[in-house]
Amino acid sequence: WAADIRFVLDQLPGWQAVGGQFEGLINRERVALMGHSTGGGAAVEACWRDTRCKAVVGLDVWMPPVAQGAVDAGLAMPALYLYSEIWPNDQPSRIARLDRLIANSSGAHWWIEVEGAHHYNFTDFPQLTPLLGPAGLSVGPIEHRQMVAIVTGYTLDFLDVHLKTREASLLNTWPSPYPEASLR
């Protein structure tokens with residue numbers, strides 16, 4: 001998946017070329033990658049491998065597939081990790097690998113845990129159906145609008161700071177205005 005992300009980054013010049021469908025809309029100097037679960041791991045690894053990535057946002061990142069080289073080297077760019085309180089079949093290796101990645105990183109980082117959130121609260125699923133729990137998908141008790149506000153608020157603040165060089169508001173406010181969010 002990280003290779004797929006890098007392939008897309010390779011295609012950006014053509015998409016923004018004169019007459020391209022994204023002409024004038026893409027700033028390749030300000031690229032951030034974001035993903036959930038395995039997609040978050042792919043974003044982390046793609047940023048480790050590709051200097052075009054200037055920031056990364058990981059939502060409940062599944063770390064075991066991330067290359068050991070990335071974990072050992074860490075990331076040079078800023079990273080925001082939003083994590084659930086509970087993860088299905090939680091494995092200590094997931095948290096241990098993120099701890100090690102952060103310890104080895106030279107870029108600024110935030111690790112925010114969202115109380116009452118489970119893995120699928122980071123998706124649109126809770127807004128679409130009340131049947132996630134009966135279907136065996138892990139959804140926590142946090143109200144979905146509150147979850148969207150937390151993820152959106154922190155993600156936008158992080159991207160504003162690191163891609164638009166604005167002053168942080170939420171990232172520098174602890175305790176958080178969201179009682180469910182805590183800095184780890």
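Structure: above.
Keep in mind it's a predicted model, so treat the numbers as computed, not measured.

### Side note on the overall build of the protein
Inference 1: Counting secondary structure elements, the protein contains six helices and five strands.
Inference 2: Overall, the protein shows an N-to-C arrangement of helices and strands of α-β-α-β-α-β-α-β-α-α-β.
Inference 3: Against the compact-globule benchmark of 16 Å for 184 residues, the protein has a radius of gyration of 17 Å, which places it among compact chains.
Inference 4: If you take every contact in the protein between residues at least 6 apart in sequence, the share linking residues at least 24 apart comes to 61%.
Inference 5: For the protein, the accessible surface area stands at approximately 9,400 Å², while carbon and sulfur atoms represent 54% of it.
Inference 6: Side-chain charges of the protein comprise 13 positive and 19 negative groups, with the mean position of each set lying 7 Å from the other.

### Some details on the pairing of strand 4 (residues 109-118)
Inference 1: Where burial is concerned, most of strand 4 is hidden: seven out of the ten residues are buried.
Inference 2: Sheet topology note: the strand 3 (residues 79-86)/strand 4 ladder contains seven bridges and is parallel. Bridging across to strand 4, Ala79 finds its partner in His109.
Inference 3: Note: strand 4 against strand 5 (residues 181-183), three bridges, orientation antiparallel.

### A few points about helix 2 (residues 38-49)
Inference 1: Between its terminal C-alpha atoms helix 2 stretches 16 Å, which fits the 16 Å expected from twelve residues at 1.5 Å a residue.
Inference 2: Of all twelve residues that make up helix 2, nine are buried, and the element is covered over most of its length.
Inference 3: The inward-facing, buried residues of helix 2 contact helix 1 (2-16), strand 1 (31-36), strand 2 (53-59), strand 3 and helix 4 (92-104).

### Brief notes about the state of the cysteines
Inference 1: This model, assessed by the stated rule, comprises one disulfide.
Inference 2: Two residues share a disulfide in this structure: Cys47 and Cys53, whose sulfurs sit 1.9 Å from each other. Residues Cys47 and Cys53 are joined by a disulfide whose S-S torsion is about 60°; by sign, that bridge is right-handed. Each of the two residues, Cys47 as well as Cys53, counts as buried.

The rules behind the values
Residues numbered from 1 in each chain as written. Predicted model: local features only at pLDDT ≥ 70, side-chain atom pairs only at ≥ 80, totals over all residues. Heavy atoms only, no water. Helix = DSSP H or I, 4+ residues; strand = E, 2+ residues; numbered from the N terminus. Rg over C-alpha atoms; globule rule 2.2 N^0.38 Å. Contact = heavy atoms within 4.5 Å. Areas by Shrake-Rupley, 256 points an atom, 1.4 Å probe, with all protein chains shown as cover. Lys, Arg positive; Asp, Glu negative; His and termini not counted. Charge placed at Lys NZ, Arg CZ, Asp CG, Glu CD. Buried < 20%, exposed > 50% of the residue type's maximum accessible area, 1.4 Å probe, protein only. Pairing = 2+ DSSP bridges. Expected span 1.5 Å × (residues − 1). Disulfide = S-S within 2.5 Å.

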